[in-house]
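Results of the structural survey
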Amino acid sequence: MSQAEDIETVDEDGVIESVSGPVVTAADLDARMNDVVYVGDEGLMGEVIEIEGNLTTIQVYEETSGVGPGEPVENTGEPLSVDLGPGMLNAIYDGVQRPLDVLEEKMGTAFLDRGVDAPGIDFEKEWEFEPTVDEGDAVEPGDVIGEVPETASITHKVMVPPDSDGGEVTSIEAGEFTVDEPVAELDSGEEITMHQEWPVREARPAEEKETPTIPLVSGQRILDGLFPIAKGGTAAIPGPFGSGKTVTQHQLAKWADADIVVYVGCGERGNEMTEVIEDFPELEDPKTGKPLMSRTCLIANTSNMPVAARESCIYTGITIAEYFRDMGYDVALMADSTSRWAEAMREISSRLEEMPGEEGYPAYLAASLSEFYERAGLFQNINGTQGSVSVIGAVSPPGGDFSEPVTQNTLRIVKTFWALDADLAERRHFPSINWNESYSLYRQQLDPWFRENVEEDWPEVRQWAVDVLDEEDELQEIVQLVGKDALPEDQQLTLEVARYLREAWLQQNAFHDVDTYCDPKKTYRMLQAIKTLNDEAFEALDAGVPVDEIANVDAAPRLNRMGTAEEWNEFIDELESDLEEQIRSLY
Amino acid sequence: MKEYQTITEVSGPLVFAEVDEPVGYDEIVEIETPEGETLRGQVLESSEGIVSIQVFEGTGGIDRNASVRFLGETMKMPVTEDLLGRVLDGSGNPIDGGPEIVPDERVDIVGEAINPYSREYPEEFIQTGVSAIDGMNTLVRGQKLPIFSGSGLPHNELALQIARQATVPEEEEGDDEDGSEFAVIFGAMGITQEEANEFMQDFERTGALERSVVFMNLADDPAVERTVTPRLALTTAEYLAFEKDYHVLVILTDITNYCEALREIGAAREEVPGRRGYPGYMYTDLAQLYERAGRIEGREGSVTQIPILTMPGDDDTHPIPDLTGYITEGQIVMDRDLNSQGIEPPINVLPSLSRLMDDGIGEGLTRADHGDVSDQMYAAYAEGEDLRDLVNIVGREALSERDNKFLDFADRFEEEFAQQGYDTNRTIEDTLEIGWDLLSMLPKEELNRIGEDLIEEHYREEEPEAAEVSAD
Ligand SMILES: Nc1ncnc2c1ncn2[C@@H]1O[C@H](COP(=O)(O)OP(=O)(O)O)[C@@H](O)[C@H]1O
Ligand SMILES: [Mg+2]
């Protein structure tokens, strides 16, 4: 059944003029840009993307096979919006926020049929509402008026909609309500429900953007240790296929210390979404011990699903993220992959025969990308709370070549760059984030946090590691010409230490039960252990011990076992004292 | 059904005709030439009064007097279990002289996307008997794992070897416990008669034809038809898998020819071309093929895809392998140097990948040490490979003892692990034992990717005797 019949349509209906893939033109349709329309006899959902004279161009979010000229087009008169309210966590949506589980049930098949609509949140389910304001209190737009225990880990805050006028609360009561039953009434007569709608292409208002100073701790050593992202920050992960974009995004979705995770699978594989749906309910949030799924909202518009809905899924995701931000939560949004979103824009744009920019992308590519990343940040919300949206976008450059427009335009905006490297991936060095090319512009503003919460000398120890890795990079060039044995002994030792940095510290196996998450304190201690080897070894070298003997001490290879060690404090204590003892015994 | 004699333009594979009734997008069209030949096509764009039609069999013979009939439906594939054992042309018509096909159902060939919520994550190990695949890039049921090859390389031999040897170990002996059977769908796009014969002879020799459906679009068949052939094949595969409980292996060859056909159509439509002249929507188009693989919750069968593509200029950054790799769940890469060294199959494991491996292997599935052995062999082989460049400059003597061991490892890895021939069928046990033979060349402390308990259990303290295989 089509939602078209349920929605009151204005008398502005038109007629299809032509159909070409996802792009349909209609005549005599009275519509505004971005209005949602229902196309054809089956009522396929679409959005107005161009108006020219009597002709309106529509991008259709479903397959258009068999649709032809002469069929009707109905206008809803509403822009593309999401339904916001309790029930979005633990949910999985397509690109226009139709819940995929509901679609399966309604369609009665495992395949995505068309012409079926479903609201983004359940309108029948009753939620337990607890007021946080009293009758007589004055409330303003954005203010929290009550709470709903939404999932095991998240309390949903019911807010006065940002576009309301506010006023004095004349009635409010605890109880069980569906999302469109009023939970409060204002003196203006306005009734407030737990349900809001918001047009996806418009950022939700906030008071002010602030400079973030707290890291989004990911439990990934190379990220927390070398290239941290802030809560409210932006990051890009570009890399060729198979280099680890999706695994990194999944790792962040699993282990990042955000309150809420919005994961957008944009034009990627179906099975990767299935993996999340199957795995997350079984995994525990290291912070709360609750199932990870209860803080997660999934949006899946896979590569074979309609391309227009791929274009919109990014906006659906970021609007949901902003809504939770307004409640004062720290939200992390992963988009895998933003390149597919850009390609969807390109596909639609070329069907519109717009003037192409670089590599066929529309001229507004850069503007769209920066508008999207601009919606990230640490915000002072209009209700006085502080919330953040961190955005991490995967980028899939054709041929792995970072000079292409999507990568380049993204790098101009984001402040963290995790460069994936096919060469590292080939040798199964994971995560294959290239430590020479990557950067984080948040390092300095986050240092105080690391000093205070992990260890006072975190930035110094990190700098030591960076220097060793830099030096290795230079030495490797020489080694390629003359072999390692031709180097002076101190340089050979540096190479040995660098090897442990790479293999024992930077590498981290996402599929190992213990190694998959590394507490920042463990990250620090592992680094210190390698530094112990370094410091002891150089003293021994100064005392005349040959480098081979130093490198061959029994304890050294045990550095490689630190990541997988469960009782890591004890393990590292013992390892450090063995290293000291064994190396000192050489002279 | 209305008939028109209103063709206004013929251009490459496209025909434009005027209509006075609305025609649906993607609808099937029949064009009858004045000589009485019937050609089939599909509506590419439908506007008030005019449609553009893409003709599958080529537009030769069409003129202004040809008549155009719109069938009022999109393209359908008549499906039935009786298709097993049959050979069809690239448009789905029988060419084996067999009986007429009485369909059970007629199914739209533009398959609907599987709801990601309804999928079941693939994690059943398929033993192909090929060490470089089973050991290092494990295939699982419901995966899409292409072979990236180059012209003149033995990808067909490898595909046939997989089709012959593929089993799911605990289900050996024909049907598995849930009664599902194995079927092969072979979709040829633009391959030569000679290559086609190679496949057909092997199918006949091994009796595989009985449980196969073959779709043949050969090099001299119309290029536009190539855009239909894989959809017919996949529609048949989905029917057999999800309606009739078969475990279906789909081999599609050569995807490169398919993409050339897309490019040709794009050019005829005067579209703005994307990278290297291929259409900007090629990613979406390929995804609509490759994503038609997998498992579905509550259904017994599965669709596993092995598409083959030849990389133009052996370049894996070319749009065809590049877009493919971005969609498929890994890739098996054939290597020209290994081939000239006589390694059979010449699989280069370094750029190869199976993304579904991690969940399909390990204790209870293959063996507890599988993941670690694979990781370690990757790291060791990559290190040995790197050193080869250095050896060329400084010579072996200038290298440390440690480095020399890694060099030897890389050599033996190619000669003993990757090398096996197209008729050798190795169990996963055999494969992992060879792995340990090789890894035991390296000092224990170097095996930093392998759990200590596993080293204890499998590491050969003595110099390993040549390929003695434990069979427990
Ligand atoms: N941190 C990691 N630990 C272990 N394996 C990894 C890790 N990152 C990537 N991999 C391996 O690399 C493969 C490809 O990674 P993926 O994230 O899917 O690549 P991409 O999204 O860039 O194509 C994965 O299937 C996995 O085998
Ligand atoms: Mg990916």
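For clarity, every value in this text was computed on a predicted model and none was experimentally measured. (Residues numbered from 1 in each chain as written. Chains lettered and ligands numbered in written order. Predicted model: local features only at pLDDT ≥ 70, side-chain atom pairs only at ≥ 80, totals over all residues. Heavy atoms only, no water.)

Observations regarding the overall build of chain B
Rules: Numbering of helices and strands runs from the N terminus; a helix is a DSSP stretch of H or I covering at least four residues, while a strand is a stretch of E covering at least two. Accessibility here uses a 1.4 Å probe with only protein chains present; expressed as a share of the type maximum, an area under 20% marks a residue as buried, one over 50% as exposed, and anything in between as partly exposed. It only takes one pair of heavy atoms within 4.5 Å for two residues to be counted as in contact. With residues, only the protein chains shown are counted as cover, and all accessible areas are computed by Shrake-Rupley using a 1.4 Å probe.
Along the backbone of chain B there are 13 helices and 21 strands. Projected onto its principal axes, the C-alpha coordinates of chain B cover approximately 85 × 55 × 40 Å. Taking all 472 residues of chain B together, the buried fraction comes to 61%. Intrachain contacts of chain B at a sequence separation of at least 6 include 73% that bridge at least 24 residues. Summing over all exposed atoms, chain B offers an accessible surface of approximately 17,300 Å²; the carbon and sulfur share of this is 42%.

A word on the UniProt feature "domain: ATP synthase A/B type C-terminal" (unreviewed entry) in chain B
For the record, the criterion: UniProt positions are given in the numbering used here, feature names are shortened, and annotations may be inferred rather than shown by experiment.
UniProt annotation of "domain: ATP synthase A/B type C-terminal" (unreviewed entry) refers to residues 359-458 of chain B when read in the numbering used here. The annotated region residues 359-458 of chain B carries 64% helix and 0% strand content, and the separation between its end C-alpha atoms amounts to 22 Å.

Here's the deal with the sheet that holds strand 12 (residues 155-159) of chain A
For sheets, the rule is that strands pair by backbone hydrogen bonds, running either parallel or antiparallel. Residues and elements named next belong to chain A. The condition is simple: One bridge is not enough; two strands pair if DSSP finds at least two bridges between them. In this description, a line fitted to the C-alpha atoms serves as the axis of each element, helices being fitted only across the stretch in contact, and the angle between N-to-C directions of two axes falls anywhere from 0 to 180 degrees.
What the 4 strands build is an open sheet, ordered 12-11-9-14; its pairing is antiparallel. At either margin of the open sheet sits one strand with a lone partner, and together these are strand 12 and strand 14 (175-177). Looking at each pair of strands side by side, their axes are set apart by 40° on average, direction ignored.

With respect to the domain arrangement of chain B
Residues and elements named next belong to chain B. Formally: An automatic or database domain assignment provides the domain bounds reported here. A 1.4 Å probe defines the accessible area here, and the buried area is the portion of it lost by two parts on being joined, summed over both.
What the domain assignment lists for chain B is domain 1 (2-74), domain 2 (77-360) and domain 3 (370-466). With centres defined by C-alpha atoms, the gap from domain 2 to domain 3 works out at 32 Å. Tallying the contact residues gives 30 residues for domain 2 and 23 residues for domain 3. Both sides of the domain 2 and domain 3 interface together cover about 2,200 Å² of buried area, and 56% of this is carbon and sulfur.

Considering the interface of chain B and chain A
The cut-off we apply is this: Any carboxyl oxygen of Asp or Glu within 4 Å of a side-chain nitrogen of Lys or Arg constitutes a salt bridge here. Residues adjacent in sequence count toward polar contacts only when both atoms are side-chain atoms; beyond that, a polar contact is any pair of N or O atoms within 3.5 Å, and within protein one must be able to donate a hydrogen and the other to accept it.
Listed by partner, the interface residues are 79 residues for chain B and 74 residues for chain A. For the pair chain B and chain A, the summed buried area comes to about 6,300 Å², and 50% of that belongs to carbon and sulfur atoms. When residues of chain B are sorted by the area they lose upon contact with chain A, Tyr-25, Tyr-117 and Tyr-326 of chain B head the list and together hold 13% of the total. The interface formed by chain B and chain A includes 2 salt bridges. In this structure, the salt-bridge partner of Glu-452 of chain B is Arg-561 of chain A, at a minimum N-O distance of 3.9 Å. Taken together, the links from chain B to chain A amount to 35 residue pairs in polar contact (both at pLDDT 80 or more).

Description of the sheet that holds strand 17 (residues 247-253) of chain B
Residue and element names in this part refer to chain B. Strands sit in the order 9-16-15-17-19-14-20-21 across an open sheet of 8 strands; the sheet is mixed. Taken across any chain shown, the strands that pair with only one partner, and hence form the sheet edges, are strand 9 (86-89) and strand 21 (347-354). Going across the sheet, the axis of each strand differs from the next one's by a mean of 15°, ignoring polarity. Pairing analysis gives 3 bridges linking strand 14 (residues 147-149) to strand 19 (residues 302-310), with the strands arranged parallel. Among the inter-strand pairings, Phe-148 is bridged to a residue of strand 19, identified as Leu-309.

Re helix 4 (residues 229-243) of chain B
All names here are of chain B. Going by this rule: Multiply 1.5 Å by the residue count of a helix minus one, and that product is the helix's expected span.
If you check helix 4, its first and last C-alpha atoms are 21 Å apart, about what 15 residues at 1.5 Å a residue would give, namely 21 Å. The buried fraction of helix 4 is high, at 14 of 15 residues. Backbone geometry just after helix 4 places Asp-245 at a positive phi near 65°.

With respect to the pattern of salt bridges
Tallying each qualifying case throughout the model produces 67 salt bridges over all chains. For the salt bridge of Arg-375 of chain A with Glu-322 of chain A, the shortest nitrogen-to-oxygen distance reads 2.8 Å. Of this pair, Arg-375 of chain A sits in the loop between helix 7 (365-374) and strand 23 (377-380) while Glu-322 of chain A sits in helix 5 (residues 307-326); the two residues are 53 residues apart in sequence, bridging distant segments of the chain. For the residue pair Arg-375 of chain A and Glu-322 of chain A, the accessibility class agrees, reading buried in each case. In this structure, the salt-bridge partner of Glu-73 of chain B is Arg-106 of chain B, at a minimum N-O distance of 2.9 Å. Taken as a pair, Glu-73 of chain B in strand 7 (residues 67-74) and Arg-106 of chain B in strand 10 (residues 105-108) lie far apart in primary sequence, 33 residues in all. By relative accessible area, Glu-73 of chain B is classed as partly exposed at 26%. Relative accessible area serves as the criterion here: at 49%, Arg-106 of chain B is assigned to the partly exposed category.

Considerations on the packing of aromatic side chains
What counts, and what does not: Between the rings of Phe, Tyr and Trp (Trp by its six-membered ring), a pair exists once the centres lie within 6.5 Å; its type follows the angle of the planes, with under 30 degrees stacked, over 60 edge-to-face, and the other angles tilted. Put simply, a charge is over a ring when the Lys NZ or the Arg CZ is close to the ring centre, within 6 Å, and near the line of the ring normal, within 35 degrees.
In this structure the tally under the stated criterion is 21 aromatic pairs over all chains. Linked through ring pairs, Tyr-315, Trp-341, Phe-372 and Tyr-373 of chain A together constitute an aromatic cluster. Over the ring of Trp-127 of chain A we find Lys-125 of chain A; its NZ or CZ atom is 4.4 Å from the centre of that ring. One cation-aromatic arrangement involves Arg-340 of chain A over Tyr-283 of chain B; the distance from NZ or CZ to the ring centre is 3.8 Å.

As for the environment of Leu-234 of chain B
All names here are of chain B. Here Leu-234 is to be found in helix 4. What makes Leu-234 buried here is its relative accessible area of 0%. With 123 residues separating them in the primary sequence, Leu-234 and Gly-111 have C-alpha atoms 8.3 Å apart. Ignoring anything within four residues of it in the chain, the contact list for Leu-234 reads Val-250, Leu-252, Leu-289, Arg-292 and Gln-305.

Thoughts on the site of ligand 1
We count it as follows: We call a residue near a molecule or strand as soon as one heavy atom of that residue lies within 4 Å of the molecule or strand. Amino acid classes used here: Ala, Val, Leu, Ile, Met, Phe, Trp, Tyr, Cys and Pro are nonpolar; Asp, Glu, Lys and Arg are charged; the rest, including Gly, are polar.
Near ligand 1, the surroundings consist of 17 residues, among which Gly-242, Lys-245, Thr-246 and Val-247 of chain A together with Arg-355 of chain B are the closest. Near ligand 1, residues from chains A and B are present, making the site a shared one. Note that an oxygen atom of ligand 1 is positioned 2.7 Å from one of the side-chain N or O atoms of Lys-245 of chain A. The backbone of Gln-508 of chain A places a nitrogen or oxygen atom 3.4 Å from a nitrogen atom of ligand 1. If ligand 1 stood free it would expose 550 Å²; the protein chains cover 92% of that surface. Among the elements that make up the shell around ligand 1, the one with the highest residue count is helix 3 (residues 245-255) of chain A (3 residues). In terms of residue class, the shell around ligand 1 is built from 8 nonpolar, 6 polar and 3 charged.

Here we look at the nonpolar core
What tends to happen in soluble globular proteins is that the nonpolar side chains get buried as a cluster. Residue and element names in this part refer to chain A. Defined as follows: Residues grouped as a nonpolar core are buried Ala, Val, Leu, Ile, Met, Phe, Trp, Tyr and Cys residues, joined through side-chain atoms within 4.5 Å.
By size, the foremost hydrophobic cluster in this structure holds 82 residues, and its most contacted members are Leu-226, Ile-392, Trp-418, Leu-501, Ile-530 and Leu-559. Per element, the largest residue contribution to this core is 9 residues, and it comes from helix 13 (residues 520-542). Residue contributions to this core reach at least three from each of two domains, namely domain 3 (208-441) and domain 4 (455-585). Residues in contact with Leu-501, not counting those within four places in the same chain, are Trp-464, Ala-465, Val-468, Leu-469, Leu-506, Leu-527 and Ile-530.

With respect to unusual backbone geometry
With the exception of glycine, the majority of residues adopt a negative phi angle, and the majority of peptide bonds are in the trans configuration. Cis geometry marks the peptide bond from Asp-336 of chain A to Ser-337 of chain A, where omega comes out at 10°. Here the amide bond leading from Thr-253 of chain B into Asp-254 of chain B is cis, since omega sits at 5°, within 30 degrees of zero. At Glu-353 of chain A, a position not held by glycine, the phi torsion is positive, near 55°. One can find Glu-353 of chain A in the loop between helix 6 (338-351) and helix 7. Residue Glu-353 of chain A is classed as exposed on the basis of its relative accessible area of 71%. Phi angles above zero are rare outside glycine, and Arg-428 of chain A is one such case at about 60°. Considering the arrangement of structural elements, one finds Arg-428 of chain A in the loop between helix 9 (422-426) and strand 26 (439-440).

Describing the UniProt feature "domain: Rhodanese" (unreviewed entry) in chain A
Mapped onto this structure's residue numbering, the UniProt feature "domain: Rhodanese" (unreviewed entry) falls at residues 321-350 of chain A. Within the segment residues 321-350 of chain A, helix and strand shares are 63% and 23% respectively, and the terminal C-alpha atoms sit 30 Å apart.

Observations regarding the pairing of strand 8 (residues 76-79) of chain B
Residue and element names in this part refer to chain B. Because side chains alternate across strand 8, one face comprises the buried residues Met-77 and Val-79, and the other comprises Lys-76 and Pro-78, none of which is buried. Bridging between strand 8 and strand 10 involves 4 bridges; their strand directions are antiparallel. Bridge assignment links Val-79 to a residue of strand 10, and that residue is Glu-105.

Things to note about the packing of helix 4 of chain B against helix 6 (residues 282-290) of chain B
Residue and element names in this part refer to chain B. In plain terms, the rule: When describing relative orientation, an angle under 35 degrees is termed roughly parallel and one over 145 degrees roughly antiparallel, while 65 to 115 degrees is termed roughly perpendicular and anything else oblique.
Between helix 4 and helix 6, the least distance of the axes is 10 Å, while the angle of their chain directions is 30°. Between helix 4 and helix 6, the crossing angle belongs to the class labelled roughly parallel. Where helix 4 abuts helix 6, its residues Pro-230, Arg-231 and Leu-234 lie against Asp-285, Gln-288 and Leu-289. Among the residues making up the contact of helix 4 with helix 6, the classes are represented as 3 nonpolar, 1 polar and 2 charged.

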